[in-house]
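For reference, the chains in residue letters:
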Amino acid sequence: MKAIVVTDPAAGTAGMKLVERPEPQAAINDVVVQVHAAGFVNTELDWPSTWTDRAFRDRTPSILGHELAGVITALGYGTTGLSIGQRVFGLSDWYRDGTLAEYVAMEARNLAPLPGNVDFTVGASLPISGLTAWQGLFQHGRLQAGQSVLAHGAAGAVGSIVTQLAREAGAYVIGTGRAADRQRALDFGANEFVDLGSDTLEDVGGVDLVFDVIGGDVQRRSVALIRGGGTLVTAVGPTDTRPVDGLVVDFVVEADRAQLSEIVQRVRDGRLRTNIGKISSLDDAVATFNSTERRAGKTVIRVHP
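- Under the annotation held in an unreviewed UniProt entry, the protein chain carries the name NADP-dependent oxidoreductase and is attributed to Sinorhizobium mexicanum.

As for the nonpolar core
Stage number 1. Counting residues in each nonpolar core, the largest one holds 39 residues, and the members touching the most others are Phe89, Leu126 and Leu137.
Stage number 2. Only β5 (67-75), β6 (87-91), α1 (120-124), α2 (127-140), β9 (148-151), α3 (157-168), β12 (207-212) and α6 (257-268) provide two or more residues apiece to this core.
Stage number 3. In this structure, this core is formed jointly by two domains, domain 1 (2-125 + 275-302) and domain 2 (141-250), each of which donates at least three residues.
Stage number 4. Core analysis: the next-biggest nonpolar cluster, separate from the first, contains 25 residues, Ile4, Trp51, Ile72 and Val88 among them.

Regarding the domain arrangement of the protein chain
Stage number 1. You can read the domains of the protein chain as domain 1 (2-125 + 275-302) and domain 2 (141-250).
Stage number 2. Its C-alpha centre places domain 1 at a distance of 29 Å from the equivalent point of domain 2.
Stage number 3. Taken together, the contact pairs four residues of domain 1 with eight residues of domain 2.
Stage number 4. Carbon and sulfur atoms supply 42% of the area that domain 1 and domain 2 bury against each other, a total of about 500 Å² over both sides.
Stage number 5. Summed over the shared surface of domain 1 and domain 2, the result is zero salt bridges.
Stage number 6. Where domain 1 touches domain 2, the interface holds four residue pairs in polar contact (both at pLDDT 80 or more).
Stage number 7. A class-by-class count of the residues in the side of domain 1 that touches domain 2 yields no nonpolar, two polar and two charged.

Describing the sheet that holds strand β10 (residues 172-177)
Stage number 1. The sheet built from six strands is open, its strands ordered β11-β10-β9-β12-β13-β14 with parallel pairing. Looking along the sheet, the strands with just one partner apiece sit at the ends: β11 (192-195) and β14 (246-250). Pairwise comparison of adjacent strand axes, ignoring direction, gives a mean angle of 15 degrees for this sheet.
Stage number 2. With four bridges joining them, β10 and β11 adopt parallel strand pairing. Within the sheet, the bridge partner assigned to isoleucine 174 lies in β11 and is glutamate 192.
Stage number 3. Docked against the sheet, helix α5 (residues 216-223) engages β9, β12 and β13 (226-234), running at close to 160 degrees with respect to β13.

Focus on the pattern of salt bridges
Stage number 1. By the definition in use, this model includes 17 salt bridges.
Stage number 2. With its nearest N and O atoms 2.9 Å apart, the salt bridge here joins arginine 109 to glutamate 107.
Stage number 3. Residue glutamate 107 is classed as partly exposed on the basis of its relative accessible area of 23%.
Stage number 4. We note a salt bridge from glutamate 262 to arginine 266, for which the minimum N-O separation is 2.9 Å. Pair noted here: glutamate 262 and arginine 266 are both in helix α6, with a separation of four residues, about one helical turn.

Focus on the sheet that holds strand β4 (residues 62-63)
Stage number 1. Ordered by their spatial adjacency, three strands build an open sheet running β2-β1-β4, and the pairing between neighbours is antiparallel. Pairing within the sheet leaves two strands with one partner each, and these edge strands are β2 (17-20) and β4.
Stage number 2. Looking at chain direction, strand β1 (residues 2-6) and β4 are connected through two bridges and run antiparallel. Its bridge partner being in β4, valine 5 is matched across the sheet by isoleucine 63.

What to know about α3
Stage number 1. Taking 1.5 Å as the rise per residue, α3 with twelve residues should run 16 Å; its terminal C-alpha atoms sit 17 Å apart, in good agreement.
Stage number 2. For α3, the buried fraction is high: ten of the twelve residues fall into the buried class.
Stage number 3. Along α3, the residues that are buried comprise Ala157, Val158, Gly159, Ser160, Ile161, Val162, Thr163, Gln164, Leu165 and Ala166.
Stage number 4. Among the structural elements, α2, β9, β10, β12, α6 and β16 (298-302) are those in contact with the buried residues of α3.
Stage number 5. Note on α3: the residue one or two positions beyond its end, glycine 170, has a positive phi of about 95 degrees.

Remarks on unusual backbone geometry
Stage number 1. Omega for the bond connecting threonine 60 with proline 61 falls within 30 degrees of zero, at 0 degrees, which places this linkage in the cis form.
Stage number 2. With respect to the secondary-structure elements, proline 61 resides in the loop between β3 (30-39) and β4.

So, how was this worked out
Residues numbered from 1 in each chain as written. Predicted model: local features only at pLDDT ≥ 70, side-chain atom pairs only at ≥ 80, totals over all residues. Heavy atoms only, no water. Core = buried A, V, L, I, M, F, W, Y, C linked by side-chain atoms within 4.5 Å. Buried < 20%, exposed > 50% of the residue type's maximum accessible area, 1.4 Å probe, protein only. Helix = DSSP H or I, 4+ residues; strand = E, 2+ residues; numbered from the N terminus. Domains from an automatic or database assignment. Contact = heavy atoms within 4.5 Å. Buried area = accessible area lost by both parts, 1.4 Å probe. Salt bridge = Lys/Arg side-chain N within 4 Å of Asp/Glu carboxyl O. Polar contact = N/O pair within 3.5 Å; in protein donor to acceptor, adjacent residues only side chain to side chain. Nonpolar A, V, L, I, M, F, W, Y, C, P; charged D, E, K, R; others polar. Pairing = 2+ DSSP bridges. Axes fitted to C-alpha atoms, helices over the stretch in contact; angles between N-to-C directions. Expected span 1.5 Å × (residues − 1).

Right, dumping it as structure tokens:
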């Protein structure tokens, strides 16, 4: 099968190669999925799990990608709850070969059914962005109706879903980003927008929840905006500062079938829009990932036409 692999941690995206690899086999509690569409996050190249297994042994050449939508072609021993021929989408294990391939073997529990009226491309755009938004807002941020949310990167793949889910939950959302992102963020439901290049972030005042996908100086400045009892949640690494009377939660997104089902149901009934940017084929994926042009939204790779 065709797959995109990396072998050199120092090479960056230039080290990606499209190669032939053996088709995977289903282990206990696994399924094999024929991948129709896959997602990729550039920061995967910085993750230790891309290069080593859980015992810190080299596992290259590693197949990249952890988001997918496709059709189950085989079941491992003991697998229940899914069937051959079923449409699914989900998030593969960080330490296993990934989804930028024609087939992937993964744990059945990391997949959810993909409704027939949801396109594979849409399904592949949801797992990391959707689960990150859901878990940051509701598990770690404990968002309640009537609270205020500062959503950094509100026009991005994660931020746009944060904005929509927070608004649906009854929150007041202040989106941030570049000047060019203003209208897009407002279109996704932000009540107001802060241009991080020209507006003063501190003018926002106090908020109940900060959702950080930027890090660095923006993250540090955001800590001071948290009201008493509020929370800053971040998926881009810990901060060295803490609010006077609040929490900072640094989390790694996890696969969750029930949450995936909640998210895709909202897509089906029109309450949630995905933020897909460029769509590329597997043959063109390496060139796409090495492009220097700024991409808005989620890049999705169509693997099986």
